[in-house]
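# Overview (structure and organization)
Below, each chain spelled out in residue letters.
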Amino acid sequence: MTAVLAASGAPASFELPAGTGVEVEISGVSRSFGSVAALDDVSLAIEPGQIAVLLGPSGSGKTTLLRAVAGIETVDAGTIRLGERVLSRRGSTTSADRRDLGMVFQDYALWPHMTVRDNVAFALRRTRIPIADRRARVDEVLGRVGLGEHGPRYPNELSGGQQQRVALARAIVANPSLLLFDEPLSNLDADLRERMRVEISTLVRESGATAIYITHDQSEAFALADVIAVVEAGRIVQVGSPESIFSHPATPFVARFTGISGGSNGTLRHLGDGRAVVDVSGCELWVTLIGQAMPGERVDVIARATALAIVPDGTRVDEAVHGLVEGTVIDSAYRGAGYDHVVESSLGRLTGVRDAQSHPRGSRCMISVAVAATFAFGNNR
Amino acid sequence: MTRLTVALPAARRGQSFLGAPRRARRVAIGRSKAFLAFWIVIVLILVLPIAVFLAVAISPALLDQGPAWLSVDAFARALTGPTLRGFLDSIVVAVIAAAVAAGVGFGLAWILLRTDAPLRGLTTGLLFALFLTPSYLIALGWERLLEPNGVLQAVGFDPAGIRSVIYGPIGVALILAVKGIPFAYLTVSNALRGLGREYDDAVRAHGGGPLRSIRMTVAMLAPAIWSALAIVFAESISDYGVAATLANSAHFPVATSELYNAVEAFPVDFPLASAISWLLLLLVVVALWLQNRALNGRSFQVFSGRARQPLIVRMRAGSIAIWLVAFVTLIATSLGVPVVGAVSASLIDGLGSISGSHAWNLHNYQRVLVSPELGGPLVYSAILATICASAAVVLALMCARVLATRGGSRLGRLLDTALLGAVALPGIVFAAGYIFAYNLPIVNALGIRIYGTSALLLLAYLATALPSTTRLLVGAMSQQHDSMSQAARVHGAGSIGTWLRVSLPILARPLLSAWLLTYSATLLELPVSQLLAPPGSQPISVGITVALNRYDYGGGTAMEILAILSALAIVAIAYGLFHLLAPRGWKRIGVAR
Amino acid sequence: MKTRTRALGAAAALAGIALLAGCSAAAAAPAASGSAGAKLEPLVLYAAEGYDANMGKAFTAKTGIPVKVDDDSTGPLLTKVAAEKNNPQWSMLWVDGDQAFASLAQQGQLLAYQSPAALNAVGKTIAPADHSYTPTGTTVMAALIYNAAKTTSVPTSYDELLGAAYIGKVGMNDPAQSGPTYPFIAGVMNQDGSKATGIKAGEAFFEKLKANGLHVYPTNGDTLHALETGQVEYGLIQSSAAIGETIKVKPTADYQPKIVYLPKSTLLPSVLGIDKHIDATQQAEAKKFVDFALSAAGQKVMQAEDTSGDSLYWPIVTSVKALPQLPAFPSAYQRIDPTYWGSQEPGIVSWFEQNIK
């Protein structure tokens, strides 16, 4: 396979073995620290070559899960299987160095006493690459991440972004069958973060390795993932493709964590086919019903930003597809392609309400609310 | 561009597939066994001897030290009269010493690591030398200077005013503080090294000047500063060197002088000494409790795998002048004084007085250099110190690891208390505890006959060295973020490989310092040497003391100075070799620039 | 994980050290005791005399019996003996002062032995009737050393030191730190021979001495140092230290140390005691050592080794003369009852610490 490299800007090519990714199967894994259950009966299967993103807030247990897969952490119950090998179960943990991994740490974990080249070459020790060829391999990977000239430098002579690239080069240099990423972009600024995200995505897909990537940033997760697992309080609450999680969040937590505009409480009025009419502060709307609820019950109503649009007064809509709410503009922010508004409405405070033109602060406006991207969560799920 | 074929992982997979689970189980079992072994060692060398010694206060009959099987009489005696006064005096001077040492230690750490002040290298050397200098030598130096008809008076300056100040609590606290400075400096500087510049930047960005920056740094380093306070406090209440010299001349009783009076006078009163030890330990527990309260559970793990460079402050001429004055004052009060005292004494035939008829010459050195009382004991002590320092560094590393664990496990806190408690107990308590514990007929009946051997002396040295060696390493250990070694494991290094290629290089300099300091301290250790040296083998410190006690002041101090010089030579050689031989990357760690 | 693997290694190493030591000690013990009589067992001598190491060597050279000498100061040695009480490891103890030995004898720790050596009059005074320990020579407490370059007043009795001529000029040692000093204090208290009134009278004397400006320094060496530097003009110290000073120092215009003995001087013998718990072989060997210490050959070694310190003692056996450097033995001397005064030591030292020091 030949690849042209975006990162270095210079064309480089080398042969990558196809399909080196390994299947990862996590089943029933639990891990407690004292009385705190960091992982509680977690199961997840990842296909070879997939990028799985564990998405969750800090403290949700996603880092513990990643560390358990890496072999840095032990498990109290359950098993972790890589391909045919059971690597972790209660009382038995194959050590990290025997797992055929590459890993990018949140703090990069570059060894300060080694040059950039030595840091990267470290991961080649376990491979069968002849020593004579290792230098070339290292330089090549450094070239791929745009650090071709920085081999002889020490980590503390590099910028944060450059250090991150070294960490990435070290993770991929030996072509491991599994790559682990522990919030690798959290220490970078927004612009660099997006560029690095693309590089990681490109490099991982080219290598063919399976990857587990943890983050608390939903946009990062949607951009990278083949499959997303949303983690909350030590449990995986939903697994699915980015699209399915976006369109059918299993819980209010998942919905909130994967990006919403706003939400409120309402009372269920009628039930339809997977849909329902809810009364939110006197305003009746069609929404997508998730879980089950009976008319008269209180439900959580949550709208994604994509559900919302500012429409001219007097616009008529098909109630089965869109509802209408009225609101007051609180803020308007220019976003290049248009304006994002914050609107106080009967659905609560809605953020990221997009329109091509700016509406002045304090003005009244009508917002159409798409049924497909507005969810009501019943209590009996 | 090169085309490379990367080895397929299939082969690797097959290879590791075979033995993996079995090996994993072995590792798990090995881990718990090793863990157990570590604690057994700690209990045997540290906890047991202290516990046995402490038992004597409550039950003298248990160790044949009195008729009572259960008694509080020793405590009643410890809490009355001169013993109580000594105890209260100790608290006062130790608190002052701790505060002064922590302040100076912090200042030095900041100047050495965060400024471009001149003489930084020399200052590090000074701290090392200070660490090596026994406290009684500093005290004697002051006495030689200030005593009636002493050095100052001989050169035409009447020090009566200064004498009345130094001969008392202030002088005692001053010397203890000076001795505490290296400990405070090491503790604080290790933490300061890990503190990135972003905090400095934040202060500057919000309009703070250098003073505010220092205040912020103090707040950030609070855990290390508290740790420094605790260690200097513990070192000070257990010090006997100043108690036996300056405090004694000033008729200012402290707890340790009372303890030694109980143990080294006839008849020996172990129950009283044990009761005083209880009180000293109580002080440490209180100090640790205060530390924990003040920190509210904060720890000082601030360093990470992300490299950060500190901000180096350029000193202006005025600041440099102030620094130089401070530096000279420090040198004069710490090393200058004992050097005058000891060197003048060692150069003079007789009793070390400068006035009078005594000629200055190298006669004492000539005599001592050819004397069998120097060579044999010095070699014996050097061998023991070498083994002790090596073992202590390994064991201390494990202790530091337990202590540096984030959040701090209950075992970690227990170990912390045990170690600081051990610092607070004078060496003679250890030594006597070792005799009690390892000379029990029942221990001999079990086939353990290590009392009266160099091995037991070594274990006791190890136990006395362990607390301070651990303290030296815990800072460096806390800085090393776990991710460093985890990254190595993940990228294919085994546990030994990770240790050799990642942990060792990062810890190389602190390990070397810890080794050298432990070596030097052990070389001149006295109380344990006196009670536990096997008959027929005399450690150098005992030789020196015996010479001094036989009024061979010149010979004794000459031996002492030669011993210190030998230790300094080892230090110089070791650092020299490190600079010559260590890989370039190793030398980058912990160096600000 | 790596730490713990290392922990195991270190623990193993430590265990190894302990084991090695244990083995070597265990191996040595039966080999030695297994064939008593035929084999020689090493003697363990705890000693605080300047000549002890050489005495060990000389004795081994003469008899072939090895001697391991633990040469240290009296304080740590007595601490060690006390700490080892339930399992003594010493064969012989040799330090200055007989109170400790009297106490050890009372506790049944000493093996009685009477050496055939003939004692002189002083020796007969010091030697205990039950032979529970053996004096090997004696010094006296105190010698009054004074600086003849600075003063012309030379007292002839202790009471004279309370006079105006001596205000602020007299120094002595601290009994809590200087072994020979308690016998001096007890000796002053014993002057009138009555135990009942002696302590009170002695306390009164020291209180007056303090009122007259007495200086208290830690040990002989410190008191001598004070004398040399002019802080005091009279020092009450052990005779061997005082004589050593007069020998070492060349008199100058500022400093001419001289000695006078005030009646009555208290005998402060060097004493050798044998541990009762050692086996028969060692007991026989230890007795030989005592004989050697009292023999002309042994005394010669004792007198040769530390000629500015511990060798400056007065012999107590008829066969040996004092070194020529020593002055005549003080004519007025006394032995204080070591059992009685030993039992008073903690109380009197504590009184001194609180009221005089």
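The name given to chain C in an unreviewed UniProt entry is ABC transporter substrate-binding protein, with the source organism recorded as Pseudolysinimonas kribbensis.

An unreviewed UniProt entry annotates chain A as Spermidine/putrescine ABC transporter ATPase originating from Pseudolysinimonas kribbensis.

What follows deals with the overall build of chain A. Along its length, chain A carries eight helices and 21 strands. Counting only C-alpha atoms, chain A reaches 75 × 50 × 35 Å along its principal axes. Long-range pairs, those at least 24 residues apart, make up 67% of the contacts in chain A with a sequence separation of at least 6. Here chain A displays about 14,800 Å² of accessible surface, and carbon together with sulfur accounts for 49% of that area. Placing the 37 positive and 43 negative side-chain charges of chain A at their respective mean positions leaves the two points 5 Å apart.

Here we come to the overall build of chain C. When helices and strands are tallied, chain C shows 12 helices and nine strands. Contacts in chain C between residues far apart in sequence, at least 24 positions, make up 75% of those at least 6 positions apart.

This part covers the domain arrangement of chain C. Residues and elements named next belong to chain C. Domain parsing of chain C yields domain 1 (10–138 + 269–324) and domain 2 (140–265 + 345–355). For domain 1 versus domain 2, the separation of C-alpha centres amounts to 31 Å. Facing the seven residues of domain 1 at the interface are 12 residues of domain 2. With both chains or domains summed, domain 1 and domain 2 bury close to 720 Å², and 62% of this area falls on carbon and sulfur atoms. Ranking the residues of domain 1 by area buried against domain 2 places Gln-99, Leu-312 and Trp-314 at the top, with a combined share of 59%. In this assembly, domain 1 and domain 2 are joined by zero salt bridges. Here domain 1 and domain 2 share one residue pair in polar contact (both at pLDDT 80 or more) between them. Grouping the constituent residues of the side of domain 1 that touches domain 2 by class yields two nonpolar, four polar and one charged.

All names here are of chain B. Listed as buried for helix H17 (residues 363–370) are Asn-364, Tyr-365 and Val-368. All buried residues of H17 lie within an arc of 95° about the axis, which places them on one face of the element. Among the exposed residues of H17, those pointing more than 90 degrees away from its buried face are Gln-366 and Val-370.

Before going further, it helps to examine the confidence of the model for chain C. Interpretation of this model should avoid reading the predicted coordinates in detail wherever pLDDT is low. Residues and elements named next belong to chain C. The pLDDT averaged across chain C works out to 85; a share of 89% of its residues lies at or above 70. Contacts for the low-pLDDT stretch residues 1–37, under 50 throughout, to residues beyond four places or in other chains number 50 contacts. Overall fold confidence (pTM) sits at 0.78, and the ipTM for the predicted complex is 0.78.

What follows is about the UniProt feature "domain: ABC transporter" (unreviewed entry) in chain A. Taking the UniProt record as the reference, the feature "domain: ABC transporter" (unreviewed entry) is found at residues 24–258 of chain A. The distance from the first to the last C-alpha atom of residues 24–258 of chain A is 24 Å, and the span holds 34% helix and 28% strand.

So, on to the interface of chain B and chain C. Taken together, the contacts link 70 residues of chain B with 71 residues of chain C. Overall, the association of chain B and chain C removes approximately 6,100 Å² of surface from exposure, summing both partners, and the carbon and sulfur fraction of that is 61%. At the junction of chain B and chain C, the tally comes to zero salt bridges. Linking chain B with chain C are 11 residue pairs in polar contact (both at pLDDT 80 or more), by the criterion used here. When the residues that make up the side of chain B that touches chain C are grouped by side-chain class, the tally is 38 nonpolar, 22 polar and 10 charged.

Residues and elements named next belong to chain A. One closed barrel holds the five strands; their spatial order is S12-S13-S14-S21-S15, and the pairing between them is mixed. Each adjacent strand pair in this sheet contributes to an overall mean axis angle of 50°, direction not counted. As paired elements, strand S12 (residues 262–271) and strand S13 (residues 275–280) share four bridges and run antiparallel to each other. Bridge pairing in S13 places Leu-271 opposite Ala-276.

Turning our attention to the side chain of C:Thr138. Residues and elements named next belong to chain C. Note that Thr-138 resides in strand S4 (residues 134–147). The class for Thr-138 is buried, based on a relative accessible area of 0%. From its side chain, Thr-138 meets the backbone nitrogen of Leu-268 in a polar contact 3.4 Å long. When residues no more than four places from it in sequence are discounted, the contact partners of Thr-138 are Val-122, Ile-126, Leu-267, Leu-268, Pro-269, Ser-270, Tyr-313, Trp-314, Ile-316 and Phe-329.

Residue and element names in this part refer to chain A. With respect to topology, six strands assemble into an open sheet ordered S7-S8-S9-S3-S10-S11, the strand pairing being mixed. Among the strands making up the open sheet, the edge pair consists of strand S7 (101–104) and strand S11 (235–240). Going across the sheet, the axis of each strand differs from the next one's by a mean of 15°, ignoring polarity. Packing of helix H5 (residues 190–207) onto the sheet brings it into contact with strand S3 (51–55), strand S8 (178–182) and strand S9 (210–215), and relative to S8 it is tilted by some 160°.

With that settled, consider the packing of aromatic side chains. Any aromatic ring pair is given by two values, namely how distant the centres are and how the planes are angled relative to each other. Counted by the stated rule, this structure contains 33 aromatic pairs over all chains. A centroid spacing of 4.9 Å and a plane angle of 70° characterise the contact between C:Phe59 and C:Phe289, whose relative ring orientation is edge-to-face. Of this pair, C:Phe59 sits in helix H2 (residues 52–63) while C:Phe289 sits in helix H10 (residues 280–294); the two residues are 230 residues apart in sequence, bridging distant segments of the chain. In this structure C:Phe59 comes out as buried when scored by relative accessible area, which is 0%. Each ring, one from C:Phe329 and one from C:Tyr333, has its centre 5.1 Å from the other, and the planes form 70°; the classification is edge-to-face. Using a relative accessible area of 27% as the deciding quantity, one classes C:Tyr333 as partly exposed. These aromatic residues form a ring-pair network of at least three members: C:Tyr51, C:Phe59, C:Trp94, C:Phe289, C:Phe292 and C:Tyr313. The residue whose ring lies beneath A:Arg170 is A:Trp111, and the NZ or CZ to ring-centre distance is 4.3 Å. Of note, A:Arg275 hangs over the ring of A:Trp286, and the distance from its end group to the ring centre comes to 5.2 Å.

Next up on the list: the confidence of the model for chain A. Averaged over every residue, the pLDDT of chain A is 86; the share at 70 or more is 94%. The model gives residues 1–19 of chain A a pLDDT under 50, and that stretch makes 41 contacts with residues more than four places away or in other chains.

The next subject is the pattern of salt bridges. Think of it this way: side chains of opposite charge can pair up when their charged atoms draw near. All names here are of chain B. Per the stated rule, a full pass over the model turns up 30 salt bridges over all chains. Where Arg-85 meets Asp-89, a salt bridge forms, and the shortest distance between an N and an O atom there is 3.4 Å. Highlighted residues: Arg-85 and Asp-89, both in helix H3 (residues 81–114), separated by four residues, approximately one helical turn. Judged by its relative accessible area of 42%, Arg-85 falls in the partly exposed class. On the basis of relative accessibility, which here comes to 11%, the residue Asp-89 falls in the buried class.

Further remarks concern the pairing of strand S7 (residues 234–238) of chain C. Residue and element names in this part refer to chain C. Summarising burial for S7: five of the five residues are buried, a large majority. With five bridges connecting them, S4 and S7 associate as antiparallel partners. When the bridges of S7 are listed, Leu-144 appears paired with Leu-236.

Turning next to the environment of B:Ile45. Residue and element names in this part refer to chain B. Looking at the secondary structure, you find Ile-45 in helix H1 (residues 9–58). Sequence separation between Ile-45 and Phe-430 is 385 residues, and the spatial gap between their C-alpha atoms is 9.6 Å. Not counting chain neighbours up to four residues away, the residues in contact with Ile-45 comprise Leu-395, Phe-430, Tyr-434, Tyr-438, Leu-459, Leu-462, Ala-463 and Leu-466.

Looking now at the state of the cysteines. Residue and element names in this part refer to chain A. If you walk through the whole model with that rule in mind, you get zero disulfides over all chains. Cys-283 carries a free sulfur, and the closest cysteine sulfur to it, the one in Cys-365, is 13 Å from it. Judged by its relative accessible area of 16%, Cys-283 falls in the buried class.

So, about the side chain of A:Asp355. Residues and elements named next belong to chain A. Within the fold, Asp-355 resides in strand S19 (residues 348–355). Despite its burial, Asp-355 pairs with no opposite charge, the nearest such side chain being Arg-354 at 8.8 Å. When sequence neighbours within four positions are dropped, the list of residues in contact with Asp-355 reads Ile-310, Gly-338, Tyr-339 and His-341.

So, on to the environment of B:Leu54. By secondary structure assignment, the location of B:Leu54 is in helix H1. For B:Leu54 and B:Tyr185, which are 131 residues apart along the polypeptide, the C-alpha to C-alpha distance reads 32 Å.

Quick notes on the rules
- Residues numbered from 1 in each chain as written.
- Chains lettered and ligands numbered in written order.
- Predicted model: local features only at pLDDT ≥ 70, side-chain atom pairs only at ≥ 80, totals over all residues.
- Heavy atoms only, no water.
- Helix = DSSP H or I, 4+ residues; strand = E, 2+ residues; numbered from the N terminus.
- Contact = heavy atoms within 4.5 Å.
- Areas by Shrake-Rupley, 256 points an atom, 1.4 Å probe, with all protein chains shown as cover.
- Lys, Arg positive; Asp, Glu negative; His and termini not counted.
- Charge placed at Lys NZ, Arg CZ, Asp CG, Glu CD.
- Domains from an automatic or database assignment.
- Buried area = accessible area lost by both parts, 1.4 Å probe.
- Salt bridge = Lys/Arg side-chain N within 4 Å of Asp/Glu carboxyl O.
- Polar contact = N/O pair within 3.5 Å; in protein donor to acceptor, adjacent residues only side chain to side chain.
- Nonpolar A, V, L, I, M, F, W, Y, C, P; charged D, E, K, R; others polar.
- Buried < 20%, exposed > 50% of the residue type's maximum accessible area, 1.4 Å probe, protein only.
- Arc of directions from axis to C-beta.
- pLDDT = per-residue confidence, 0-100.
- UniProt positions renumbered as here; feature names shortened; annotations may be inferred.
- Pairing = 2+ DSSP bridges.
- Axes fitted to C-alpha atoms, helices over the stretch in contact; angles between N-to-C directions.
- Phe/Tyr/Trp six-rings, centres within 6.5 Å; stacked < 30°, edge-to-face > 60°.
- Lys NZ or Arg CZ within 6 Å of the ring centre and 35° of its normal.
- Disulfide = S-S within 2.5 Å.

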